[in-house]
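Residue-level structure breakdown
The chain contents come next:
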Amino acid sequence: MTAFVDDNLLLLITFLPLGTALALLVTNALGSLLGLPRLPTQVWRITAVAGSILTFLLALQLVFVFDPVSTRIQFVDHREWLPDLGIHHYFGVDGISLFLVALTALLVPVAFVAAWNDIDSRLRSFVFCMLALETGMIGAFVSLNLFEFYMFWELMLVPMYFMIGIWGGPRRIYAALKFFLFTMFGSVFMLIAMVVLGWLAYEQSGSLVFDLVAPPGMATPALLDVVVPLSGDAPWWKTQSWLFAAFALAFAIKIPIVPFHTWLPDAHVEAPTAGSVILAAVLLKMGTYGFLRFGLPLFPTAAMAYGPWLIGLALVGIIYGSLVAMVQSDVKKLVAYSSVAHMGFVVLGIFVFNVEGLVGGVLQMINHGISTSALFLLVGFLYERRHTREISDFGGTAKAMPVHAAFLGIVIFASIGLPMLNGFVGEILILMGAFLHSPGAAIVAAIGVALSAAYMLWMYRRVAFGPVEHPENRSLIDLSLRERVVMLLLLVPIFWIGIYPDPFLRRIEPSVIEVLRQVDRRAEPGTRSDVIPPVREARP
Amino acid sequence: MVTGGTEFDLLHWIPLAPLFAAVLHGVLLVVVRRTVSEWITVAISCGAITASFVISCAAFARMVRLPDESRLLVDHLYTWIGAGVGSQAFSTELAFQFDPLSAVMTLVVSGVGALIHFYSWGYMKEDEREDKGFQRFFCYLNLFSFAMLLLVLADNLVLMFLGWEGVGLCSYLLIGFWYSDRNNAYAGSKAFIVNRIGDLGFIVGMLLLFSMLAEAGHPTVGFQDIERYFAQIADVELDLPAWLPGGPSYRAVNVVGLCFFIGACGKSAQIPLHVWLPDAMAGPTPVSALIHAATMVTAGVYLVCRMSFLYAAAPEASAIIAWTGALTAALGAVLALVQTDIKKVLAYSTMSQLGFMFVAVGCGAYAAAMFHLATHAFMQALLFLAAGSVILAMQHEQNIDAMGGLRRRIPRTHWTFLIGALALSGVLPFAGFFSKDAILVAAYGAEVAGGPWLYRLMLATAGLTALYLFRLYFRVFRGKGRAPRGLRDRMEDPPGSMVVPLYVLSGLAIFAGLAGFPQAWGDLGWVDIEESNSFANFLAPVLAGSEREGLAHEIEYRLTLRAVLAAITGTGLAWWLYLQRPTWPEKIRSSFHRLHHVLVAKFWVDEIYGVLLVRPLVAISDRLLYRGIDAGLIDGLLVNGVARSIRALAANGLRYVQSGLIQAYMFLMLVGAVAIVALLMR
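Sequence order as written defines the numbering, with residues in each chain counted from 1. Following the order in which they are written, the chains are lettered starting with A and the ligands numbered starting with 1. Local features are withheld for residues below a pLDDT of 70 in this predicted model, meaning they are given only at 70 or higher, and side-chain atom pairs are given and counted only at 80 or more; totals for whole chains, interfaces and linings count all residues. With hydrogens and water stripped out, all remaining heavy atoms of the structure feed into the side-chain values.

**Some words on the overall build of chain B**
The numbering of helices and of strands both runs from the N terminus, where a helix is a DSSP run of H or I of at least 4 residues and a strand a run of E of at least 2. Along chain B, the regular secondary structure elements total 27 helices and five strands. What the globule rule says is 2.2 Å times the number of residues to the power 0.38, and the radius of gyration is computed from C-alpha atoms. Taking 2.2 N^0.38 as the reference for a compact globule, 682 residues should give roughly 26 Å; the C-alpha atoms of chain B span a radius of gyration of 29 Å, in line with that estimate. Its C-alpha atoms put chain B at 110 × 65 × 55 Å along the principal axes. In chain B, which comprises 682 residues, the share counted as buried stands at 58%. The contacts in chain B between residues at least 6 apart in sequence include a share of 78% that link residues at least 24 apart. Charge convention: Lys and Arg are scored as positive, Asp and Glu as negative, and His as well as the terminal groups of each chain are ignored. Charged side chains are reduced to one point each, which is NZ for Lys, CZ for Arg, CG for Asp and CD for Glu. Averaging the positions of the 47 positive and the 47 negative side-chain charges in chain B gives two centres separated by 14 Å. With a 1.4 Å probe rolled over the protein chains alone, any residue whose accessible area is under 20% of its type maximum counts as buried; one over 50% counts as exposed, and the rest are partly exposed. By the convention used here, residues are in contact when the closest approach between their heavy atoms is within 4.5 Å.

Next comes the structure, spelled out in structure tokens:
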């Protein structure tokens, strides 16, 4: 049994959620065929929570078994699927995807439990959507076949669309459609670029290829062996610049990078709490993850050439997101714009092409996932009680809800990068990397750090402090045991990463160096960056 | 420079003891939610800070047994943040160092901190304003002690930054401690945000220093290593934008020095980032004493002293520091003259005294700065705690116009306050006299642009110090009582737990100066003293420029005479104006009412920042960025515009597809997926 679990760990983690959902669906269908009553919603809910917790435990097992020293892809699961088309089932994790998988597996049960009372209609569909979404997200993080990655990438879209469109706020249809169309728009370009890439492989090796790298021990062709021509010596649609641009567009919309961000505030404001949590914590990371996994290694020369532009957009995003967050009157919108700023940090870290920046970027993805979802949960708790998210409707909530105020304070300070909490570690590494690359960029980003304190504390002050002006706020009930447990669960990584980040950094760094080496190997001589380090020995 | 390091395993417990106390309080407050008795709360908190003090003393005892050149205790826990390889390897250790400089700070912080913890017991006992306020207060106080001790014990810049931000956080929490009052919460946020602006300088300075060292092949953020390899980067030139004055080529150490000084400006309330300190008086008085007088606000001075080797090589940056300090000192003293809130007078006084310290570091007299830092911690804490007793006796009335004649009502408080005022005014032979004299001597001998004027300004400010302090003293304790009769009869001195700290601090305010007995005086041989200026000698191994030649003794005696005269003049003027001619201040005020108005409005600095910075920023963000670009251009014109045109085209076809039935969608999805798979498997 344990041997089976260990051998198929990734497969189990990925498909257990969808499996649970399908099992529930089938049981329901069979029952209705036999004329039995439908499964009670409570059974759906409990089964779903149990399934997602089991997934999380498996993900923990994955983290423990993961070999931190190796730069290779681990837990490889490669099976032929459609060999003629170069499409294989190809799973594997490295230090970059490892914690993203764990983060996803942690946040789904958290969102389930936190949204226990939030969803009161169509619960069965909600459960199905969440579980299908989880499979989509984890699958995208562990797929190393570009085609398979794309399938999971698209699979995420549908449940999220329903999540916003069905359980959302008053403008849910508009927000859901906007989210869907924005993302689809980018994905189409990625799909086309993908086909072109496969075609290039066909031209060079005689068969279609979508595997990113050859699985360890196998000598199959892989995308990283395909030469992607630079502009000039090939038709324009085959050049690195255009292919990178197509991928980058899809990723930039997902992250989102300014000016492709306007779907995000709407989606967040309308989505139910659980949807916001998943959206902010995981879905946005798909973009930055995509850059790291595919964008940089496949098109290194173009990535370096476009790098300054993306850094520029990231800086615009940091400042712009912070400033716009400062003038929001809706808490959720404020957090949404702060996400734009924080994701700007991640993009900045990725495109400075050095170890500090990339490690910081990967860690900041995790950090943002944790602290922003905690923020959305806390906002959700307020919303459940008062059915409003307008900052001006609150004030003095610390009086009636001291525990809530305490958690909110901790999470806010984590999010504005207070040392000893998680945000700082990622930020300082990104700033360090950025400064070594171009000092000006680091200084602008550091201004964003100062601004984040301004908008977050402004919100905190107006929500939690001051006199209680609205009588409804006087009798608010403080967090229940369930809510407190969920928050405490999220505080564990917040403090852990802040105080002792080494277990995380140690696992991320080798894989990041591997990415830089891929970039270095494939980049045109002369364009390669001189900051890419040699392979390092394992840290004692 | 100190070399080598002796392991001292207890070192990390100095900051960690209060941290554990704070965490324990936090768990009790947030997770357990049971009311804990006052005694247990006090036992945890005061026990923890006392433990810190005891361990600090042990560390001090251990250190002084080492020879001068190797007085360094170290304690390494683990690597905190590490990434990168080769010449860019960035690694921050969670490690502590205890050298003479850290020793002075640690003893002051844990010692004064412990006294204030005990004082707070009595001060906060009756406080029922907020839920579980008593325990929450001690939780924050412990957390602050942790952060401050970490700041002074950190062996590298990044860890120091942890403490640096941590004290900012606690300052925020404690200023806004009575959060139901909107102004308190506002003052807390303001302090944190202004500090964050300063921190920008700290971060940039740190990054610049690291990148320069990395370029020289020694990537490090540890203080010992920075000092060791500093010579290799001392002459690096930086090219900055040409529109900056004096450029475009700058010596990098000047730039780094100024960056760190911006950080110091924020923390230590120097122009132009001084605006938060007066507002910070919204916090409970023990907090003002501990954080906004004795310890946190001196962190900037400590930072500069810690990097003294850098500033000694950066004369331009030092000159800017000296003048900023001088202007802040003068501004603080002038503004203190017109304040009527007892705590605000002391707040401006703190700002002014911090200015004195920056003048000292700017003139390269790092030991004098540290000396004044230590004595000031005793004197200002004493004044604040005595003011706290006054405020308690007055039942939270802080306006000095409502006081007067309190000398007989609260005699113990009166005596301790008088000692504090005498000491801080620089009256012989109290502590403040010696430390301020050392700074004035340094300013006189400094090779700073405009040097003579610097000295004159500081001398005048020293006189003003005596004037505003004794104005405060006479208005509060002497003259006719202006408090309501009923209140006056009920007034009494605070209980023992609050008076004992006052006595201890009074003792320190009287005698601490002897540690820095000037060399020039010792040479006179009037007093039989074993070693003159033992304080500076103690710090000499870790501070740059300690071997500098002093002034001729004759000049020093003359300067001392001037300083004494300035203090006497200020005190005498206050006595004459506020006791002998009590109607005159009012007359002066009305004949200079314009000037008075300007001073009361604090030169409208807050308002100017509001008009020039805050409001434009908000307006741009709201109107231009949010409503203009986000909602108008991107969403309105591009996104929705495109969507509208497409919808117009497809209006009739697509609406039937959107039935809203999730089962239908899922069914379609499944059919589609099956069809695709079937097609591909064919």
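**Section: the sheet that holds strand β2 (residues 73-83) of chain B**
All names here are of chain B. Criterion used throughout: strands pair if DSSP finds at least two bridges between them. Ordered in space as β1-β2-β3, the three strands form an open sheet in which the pairing is mixed. Edge positions in the sheet fall to β1 (6-7) and β3 (90-98), since each of these pairs with one other strand and no more. Both β1 and β2 contribute to a ladder of two bridges, which runs parallel. Bridge pairing in β2 links Thr6 to Leu73.

**Quick word on the domain arrangement of chain A**
All names here are of chain A. Note that domain bounds follow an automatic or database assignment of domains. Structurally, chain A comprises domain 1 (1-298) and domain 2 (310-540). Averaged C-alpha coordinates put domain 1 and domain 2 at centres separated by 22 Å. In this complex, domain 1 contributes 55 residues to the contact, which on the side of domain 2 involves 53 residues. Just to be clear on terms, a salt bridge is a Lys or Arg side-chain nitrogen sitting within 4 Å of an Asp or Glu carboxyl oxygen. Remark: the boundary between domain 1 and domain 2 carries zero salt bridges. Between N or O atoms, a polar contact is any pair within 3.5 Å; within protein, one atom must be a potential hydrogen donor and the other a potential acceptor, and residues adjacent in sequence are included only when both atoms are from side chains. For the pair domain 1 and domain 2, the number of links is twelve residue pairs in polar contact (both at pLDDT 80 or more). Counting only elements with at least two residues in the side of domain 1 that touches domain 2, the list comes to α4 (95-114), α9 (263-270) and α10 (273-298).

**Comments concerning the interface of chain A and chain B**
Accessible area lost upon the coming together of the parts serves often as the stated size of an interface. If you look at the interface, chain A gives 83 residues, while chain B gives 62 residues. Buried surface area refers to the total accessible area, computed with a probe of radius 1.4 Å, that the two partners give up upon joining, counted for both partners together. Together chain A and chain B conceal approximately 6,300 Å² of surface at their shared face, both sides included; 72% is due to carbon and sulfur atoms. Broken down residue by residue, the surface that chain A buries against chain B is led by A:Met432, A:Phe435 and A:Arg461, which jointly contribute 9%. In this assembly, chain A and chain B are joined by two salt bridges. Residue A:Lys178 is joined to B:Asp635 by a salt bridge in which the shortest nitrogen-to-oxygen separation is 2.5 Å. The tally of links between chain A and chain B comes to 19 residue pairs in polar contact (both at pLDDT 80 or more).

**Comments concerning the nonpolar core**
For soluble globular proteins, the rule of thumb is that nonpolar side chains tend to be buried together. In plain words, nonpolar cores are sets of buried Ala, Val, Leu, Ile, Met, Phe, Trp, Tyr and Cys residues tied together by side-chain atoms within 4.5 Å. Counting residues in each nonpolar core, the largest one holds 461 residues, and the members touching the most others are A:Leu348, A:Phe351, B:Met148, B:Leu209 and B:Phe260. Looking at this core element by element, the count peaks at 21 residues for helix α15 (residues 366-393) of chain B. In contact with A:Phe351, not counting residues within four places along its chain, are A:Phe244, A:Phe291, A:Leu296, A:Ala303, A:Gly307, A:Leu310, A:Ile311 and A:His437.

**Concerning a nonpolar patch on the surface**
Residue and element names in this part refer to chain B. Taken together, the side chains of Leu573, Trp575, Trp576, Trp584, Ile588, Phe592 and Leu595 define a hydrophobic patch exposed on the protein surface, amounting to about 680 Å² of accessible area. Every element with two or more residues in the nonpolar patch is listed here: α23 (553-580) and α24 (584-591). In terms of residue count, α23 provides more of the nonpolar patch than any other element does, three residues in total. With respect to the helices, strands and loops of the structure, Ile588 is situated in helix α24. Only residues whose relative accessible area exceeds 30% and that take part in no salt bridge are eligible for patches, with like-charged residues grouped when within 9 Å of each other and nonpolar side chains (Val, Leu, Ile, Met, Phe, Trp, Tyr) grouped when within 5 Å. Residue-level accessible areas treat just the shown protein chains as cover; the underlying method is Shrake-Rupley with a 1.4 Å probe.

**Brief notes about the packing of aromatic side chains**
For any two aromatic rings, the description comes down to two numbers: the centre-to-centre distance and the angle of the planes. For Phe, Tyr and Trp, where Trp contributes only its six-membered ring, two rings pair if their centres lie within 6.5 Å, and the inter-plane angle classes them as stacked under 30 degrees, edge-to-face over 60, or tilted in between. Under the criterion given, the structure shown has 58 aromatic pairs over all chains. Between B:Phe470 and B:Tyr473 the ring centres are 5.8 Å apart and the planes differ by 75°, which places this aromatic pair in the edge-to-face class. Within this pair, B:Phe470 and its partner B:Tyr473 are both found in helix α18 (residues 451-477), separated by three residues, close to a single helical turn. The same class applies to B:Phe470 as to B:Tyr473, namely buried. Every member of this aromatic cluster is reached through a ring pair, and the members are A:Phe149, A:Trp153, A:Phe244, A:Phe247, A:Phe251, A:Phe291, A:Phe294, A:Phe299, A:Tyr306, A:Phe351 and A:Phe353. Between A:Lys254 and the ring centre of A:Trp153, over which it is positioned, the NZ or CZ distance is 4.7 Å. A positively charged side chain is recorded as over a ring if its NZ (Lys) or CZ (Arg) lies within 6 Å of the ring centre. The angle to the ring normal must also be within 35 degrees.

**A few points about the pairing of strand β1 (residues 74-82) of chain A**
Pairing geometry for β1(A) and strand β2 (residues 87-93) of chain A, over six bridges, is antiparallel. For A:Gln74, the partnering residue across the bridge sits in β2(A) and is A:Val93.

**Topic: the pairing of β2(B)**
Residues and elements named next belong to chain B. Pairing of β2 with β3, which is carried by nine bridges, proceeds in the antiparallel orientation. Its bridge partner being in β3, Gly82 is matched across the sheet by Ser91. Connecting β2 to the antiparallel partner β3 that follows it, the hairpin turn spans six residues, and Gly84 within it adopts a positive phi of roughly 90°.

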